[in-house]
Amino acid sequence: MLKIKDYVKVKSIAEAYELNQKKSACVLGGMIWLKMGNRNVSTAIDLSGLGLDTVQEREDEFYIGCMTSLRDLETNAALNEFTQGAVRESLRHIVGVQFRNCATVGGSIFGRYGFSDVLTMFLALDTWVELHHAGRIPLAEFAQMKKDRDILEAVIVKKTPQQSVYFSQRNTETDFPVLTCAVSLCGGRARTVIGARPGRAKIVEDPDGILNRFEKMSDTERTGAVQKFAEYAAEHTAFGSNMRASEEYRKLLAEVLVRRAWETLGGMKK
C-alpha cells in the first residue's frame, strides 16, 4: 500500500527540486508503478501544473516535457514521421491505451527500468535529458547513472538525420517484453540498442566497424555484415533469466531481432 503524508502541487521546478531532496519525498509522475508498491511517502510532489505535458517541435529538436503521456508520444505525427513510425511501434504494445494515457515519458526514462520499451527506443536516437540541477546530458550517459534526487524536466530528441527501426518480442500482446531492440543510422553512424535483457537497455558497440558504410554497401555486403553483427551483438551482450524467458532464449532471440531490424532498415525485408 502507498501511504502519502503530504501532497504538494508545486508551482515551479525549483520548488519541486527543493522538496525532493528529502529521501522520503517522491515525484508522482503518472502514478502507474508507484501505486503498485508498498511505500511511505512524506511529501508527494505533483508536477502537473507546470505545463510539462506537451511535445514541442522546434527547429532542431523535439522538446518532450516530462509529464507528456506515452499516448501523446504514440500519436504525435511529427515525431513519428521523423522516426519512420519507430516511436509508435515502441509504444503501441505497452499494456493498453488507458495505461498509456496515464504513464509519462519522465517516469519511464527517469526510472531506467529494465523492461522499458521507451528507454530502448530513445537510446537509438540523438537523445538528451534536461535535469534541473545537472542540466542537459546525453541519454546514454544518464541511463548508466545511479538514481539521485534531481528532477527530470524534459527529454530532447535532436533532429539529427536518421533512420530507425524498433522490434520487441512478447509472450502475449500486452505483457512486458521478453526482449527489445532498436537500431538506427543516426548521423550516418550505426547504433544498436538491446533492452529487457532483463536489465536496462544497453547500446551495443561495434568496435570492429562491421556496419560502417552500411548505406553504401551492396545487398550482398549488407547481408553478410548484418549476420556477422547480429552474431557479435548476441555474444557480447549480457543476458539474464526471469519468469518470462531464460538467458539462453534471450541470447538466441537477440541475434534474430538484431538481424531482422538491420535487414528492415536496409530495405532487405519488406
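Above: the structure in question.
Because the structure is a prediction, the values reported are computed rather than measured.

Caption draft 1: Fine view of the pattern of salt bridges. Inspection of the entire model under this criterion finds twelve salt bridges. A salt bridge links Arg-92 to Glu-89, with the nearest nitrogen and oxygen atoms 2.6 Å apart. Residue classification places Arg-92 among the partly exposed positions, given a relative accessible area of 41%. The exposure class of Glu-89 is partly exposed, given its relative accessible area of 23%. Between Arg-170 and Asp-117 there is a salt bridge; the shortest N-O distance is 2.6 Å.

Caption draft 2: Structural context of the packing of aromatic side chains. Considering all chains together, one arrives at six aromatic pairs under this definition. With a centroid separation of 5.1 Å and 5 degrees between ring planes, the pair formed by Tyr-113 and Phe-115 is classed as stacked. Since its relative accessible area comes to 25%, Tyr-113 is described here as partly exposed. Take Phe-115: its relative accessible area is 27%, and that puts it in the partly exposed class. Here Phe-115 and Phe-176 contribute two aromatic rings whose centre-to-centre distance is 4.6 Å and whose plane-to-plane angle is 55 degrees, an arrangement assigned as tilted.

Caption draft 3: Quick peek at the pairing of strand β5 (residues 61-65). Most of β5 is tucked away: five of the five residues are buried. Side chains Glu-61, Tyr-63 and Gly-65 project from β5 onto one buried face, and the interleaved Phe-62 and Ile-64 project onto a second face that is buried too. Judged from the three bridges that link them, strand β4 (residues 55-57) and β5 form a sheet pairing that is antiparallel. Note that in β5 the partner of Glu-57 across the bridge is Phe-62.

Cut-offs applied
- Residues numbered from 1 in each chain as written.
- Predicted model: local features only at pLDDT ≥ 70, side-chain atom pairs only at ≥ 80, totals over all residues.
- Heavy atoms only, no water.
- Salt bridge = Lys/Arg side-chain N within 4 Å of Asp/Glu carboxyl O.
- Buried < 20%, exposed > 50% of the residue type's maximum accessible area, 1.4 Å probe, protein only.
- Phe/Tyr/Trp six-rings, centres within 6.5 Å; stacked < 30°, edge-to-face > 60°.
- Helix = DSSP H or I, 4+ residues; strand = E, 2+ residues; numbered from the N terminus.
- Pairing = 2+ DSSP bridges.

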